[in-house]
Amino acid sequence: MAERDTETDYKWAIPVMRAGYAGRGVTYLAVAGLSLWAIWHGGEAQGTGSALRSLGDSTWGVVVLWLIAIGLVAYAIWRGLDAIKDLEDYGTEAKGLVARAGMVVTGLVHGVIAGLALSIVFGRSEEDGGRGGVSSVVARVLELPGGRWILAFAALATIGAGIYYVIKGWKAKYREKLAANRFTGRYDWALRAGVIANGVIILVVGGFLGAAAWAGTPEKAGGMGKVFDWLASQPFGNVLVIVLCLGLLGFAFFCFVNAAYRIVEKVPHDDLESLARRRKREMEAA
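Please read these numbers as outputs of a predicted model, since none were measured by experiment.

**Re the overall build of the protein**
A count of helical and extended segments in the protein gives 12 helices and zero strands. In the protein, the succession of helices and strands from N to C terminus is α-α-α-α-α-α-α-α-α-α-α-α. For a compact globule of 286 residues, the expected C-alpha radius of gyration is about 19 Å, and the protein comes in at 19 Å, within 12% of that figure. With the C-alpha coordinates aligned to their principal axes, the bounding extent of the protein is approximately 55 × 45 × 40 Å. The buried share of the protein, reckoned over its 286 residues, is 43%. Accessible surface, the protein: about 15400 Å² in total, of which carbon and sulfur atoms supply 64%. With 30 positive and 25 negative side-chain charges, the protein shows a spacing of 4 Å between the two charge centroids.

What follows is the structure, encoded as structure tokens:
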């Protein structure tokens, strides 16, 4: 009975979760879409901050910024609640605790992006001396006692998260949290590509953080914009950037699919079969 009461208490978390994933999807859709548009017109791909600032130049863009801000605040709330109450049943063993800690970090990161979107809406966003937001944060960390060690730990954690997402996409671990239906089964390939693309970006960002820690300079660090710049400097760089942008569109799609079909184990829901379970059953029957 106590378990049922606990579950009932958190039914309200489902709409928050759906709004959060939808807001996250809109964010990546904006970054990838605006970057591809810029490349098509002879420009360069844009990082998250640049993409959001460009949205602030038009009325419809401000509407999108509001949607992003509201959605990402919901996502931050959802990740925090999910981590604290373990609504998705990750458990209290080492692996589960690491996953739940990662949720908190992810929620905070997206909360910061929500704050950036709101600052643009209210005209308070300023460029940080020509440096990206990641570089400015890294500069503050390096000023702390043992700042380079803190940054090195953050780099390792970020690289670990990137590896986790790549493996999650490659092995299709995300299927365990998605309801099985005709739609999720048909577009599983796009979900996989999106998760892997997100993992690649996180990996490269982690590498930049490691370089900044090694050199002791914030200019080595950067976010998505720096990832695009680095890829563009490689052989066939423009092709690589376009491929990554298409992958980000896949990740935006992944977020929208989670908004619609994510299964939250500890919150009452219909008796849904996960995509992973259905695939396993189909393989056993074959």
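Structure shown, so let's carry the discussion forward.
**Section: the nonpolar core**
Grouped together as the largest cluster of nonpolar side chains are 44 residues, with contacts concentrated most on Leu52, Leu55, Val227, Phe228 and Leu248. At the level of elements, helix 2 (13–40), helix 3 (48–55), helix 4 (59–85), helix 5 (94–121), helix 9 (188–215), helix 10 (224–232) and helix 11 (237–261) are the ones that each hand at least two residues to this core. Ranked by residues supplied to this core, first place goes to helix 11 with nine residues. When sequence neighbours within four positions are dropped, the list of residues in contact with Phe228 reads Val31, Ser35, Ala45, Gln46, Gly47, Val241, Leu244, Cys245 and Leu248. Of all hydrophobic cores here, the second largest spans 14 residues; its members include Ala13, Ala74, Leu81 and Ala259.

**A short note on helix 5**
In a regular helix each residue adds 1.5 Å, so 28 residues correspond to 40 Å; helix 5 covers 41 Å between its end C-alpha atoms and thus fits that length. Tucked into the core, helix 5 has its buried residues touching helix 2, helix 3 and helix 4.

**Some words on the packing of helix 2 against helix 4**
Closest axis-to-axis distance for the helix 2/helix 4 pair is 7 Å, and the angle between their directions is 130°. With respect to their mutual orientation, helix 2 and helix 4 come out oblique. Along this stretch, helix 2 crosses helix 4, giving a crossing that reads as left-handed. Residues Ala13, Val16, Met17, Ala19, Gly20, Tyr21, Gly23, Arg24, Val26 and Thr27 of helix 2 lie in contact with helix 4, whose contacting residues are Val64, Leu67, Ile68, Gly71, Leu72, Ala74, Tyr75, Ile77, Trp78, Arg79 and Leu81. Split by residue class, the contact of helix 2 with helix 4 holds 15 nonpolar, four polar and two charged.

**Looking at the layout of surface pockets**
Put simply, the second largest pocket is a space of about 220 Å³. Residue lining of the second largest pocket: 10 residues in total, with Glu176, Ile263, Leu272, Ser274 and Arg277 positioned closest to the centre. Each residue belonging to the lining of the second largest pocket can be placed in one class, and the counts come to three nonpolar, two polar and five charged.

**Regarding unusual backbone geometry**
One non-glycine residue, Asp86, adopts positive backbone phi at about 50°. Locating Asp86 in the fold gives a position in the loop between helix 4 and helix 5. On the accessibility criterion, Asp86 (6% relative accessible area) is buried. We note that Ala172 has phi near 60°; this positive angle belongs to a residue other than glycine.

**Brief notes about the environment of Gly123**
Considering the arrangement of structural elements, one finds Gly123 in the loop between helix 5 and helix 6 (133–142). Overall, Gly123 belongs to the exposed group, its relative accessible area being 62%. A sequence separation of 67 residues divides Gly123 from Gly56, and the C-alpha atoms of the two residues are 8.5 Å apart.

**A few points about the packing of helix 3 against helix 5**
What describes two packed helices is the angle between their axes and the distance between those same axes. At their nearest, the axes of helix 3 and helix 5 sit 9 Å apart, and the two run at 30° to each other. Classified by the angle their axes make, helix 3 and helix 5 are roughly parallel. Handedness of the crossing formed by helix 3 with helix 5: right-handed. Packed against helix 3, whose contacting residues are Thr48, Gly49, Leu52 and Arg53, the element helix 5 presents Ile113, Leu116, Ala117 and Ile120 at the interface. For the contact of helix 3 with helix 5, the per-class residue count stands at five nonpolar, two polar and one charged.

**Side note on the environment of Tyr187**
As for its position among the elements, Tyr187 is in the loop between helix 8 (182–186) and helix 9. Classification of Tyr187 by relative accessible area gives partly exposed; the value is 30%.

**So, the packing of aromatic side chains**
Tallied over the entire structure, the rule returns 11 aromatic pairs. Relative to Tyr261, the ring of Phe183 has its centre 6.1 Å away and its plane inclined at 40°; by these criteria the two rings are tilted. Here the residue Phe183 occupies a position in helix 8, and Tyr261 occupies one in helix 11, the gap between them amounting to 78 residues. Of the residues examined, Phe183 reaches a relative accessible area of 33% and is grouped as partly exposed.

**What about the side chain of Gln46?**
Here Gln46 shows up in the loop between helix 2 and helix 3. Given a relative accessible area of 18%, Gln46 falls into the buried group. With residues up to four places along the chain from it excluded, the contact list for Gln46 reads Val31, Leu34, Ser35, Ala38, Ala51, Ser54 and Phe228.

**So, a nonpolar patch on the surface**
Side chains of Trp12, Val73 and Ile77 sit close together on the surface and give an oily, nonpolar patch of about 290 Å² of accessible area. Here Trp12 is to be found in the loop between helix 1 (2–9) and helix 2. According to the relative accessible area criterion, Trp12 is partly exposed, its value standing at 46%.

Thresholds, definitions, all that
- Residues numbered from 1 in each chain as written.
- Predicted model: local features only at pLDDT ≥ 70, side-chain atom pairs only at ≥ 80, totals over all residues.
- Heavy atoms only, no water.
- Helix = DSSP H or I, 4+ residues; strand = E, 2+ residues; numbered from the N terminus.
- Rg over C-alpha atoms; globule rule 2.2 N^0.38 Å.
- Buried < 20%, exposed > 50% of the residue type's maximum accessible area, 1.4 Å probe, protein only.
- Areas by Shrake-Rupley, 256 points an atom, 1.4 Å probe, with all protein chains shown as cover.
- Lys, Arg positive; Asp, Glu negative; His and termini not counted.
- Charge placed at Lys NZ, Arg CZ, Asp CG, Glu CD.
- Core = buried A, V, L, I, M, F, W, Y, C linked by side-chain atoms within 4.5 Å.
- Contact = heavy atoms within 4.5 Å.
- Expected span 1.5 Å × (residues − 1).
- Axes fitted to C-alpha atoms, helices over the stretch in contact; angles between N-to-C directions.
- Parallel < 35°, antiparallel > 145°, perpendicular 65-115°, else oblique.
- Left-handed = near helix turned anticlockwise from the far one by under 90°.
- Nonpolar A, V, L, I, M, F, W, Y, C, P; charged D, E, K, R; others polar.
- 1 Å grid on protein atoms, 1.4 Å probe; cavity = no way out; pocket = protein on both sides within 12 Å on 5 of 7 lines; lining within 4 Å.
- Points joined across faces, edges and corners; volume = space filled by probe spheres on them.
- Phe/Tyr/Trp six-rings, centres within 6.5 Å; stacked < 30°, edge-to-face > 60°.
- Patch = residues over 30% accessible without salt bridge, like charges linked within 9 Å, V, L, I, M, F, W, Y side chains within 5 Å.
- Salt bridge = Lys/Arg side-chain N within 4 Å of Asp/Glu carboxyl O.

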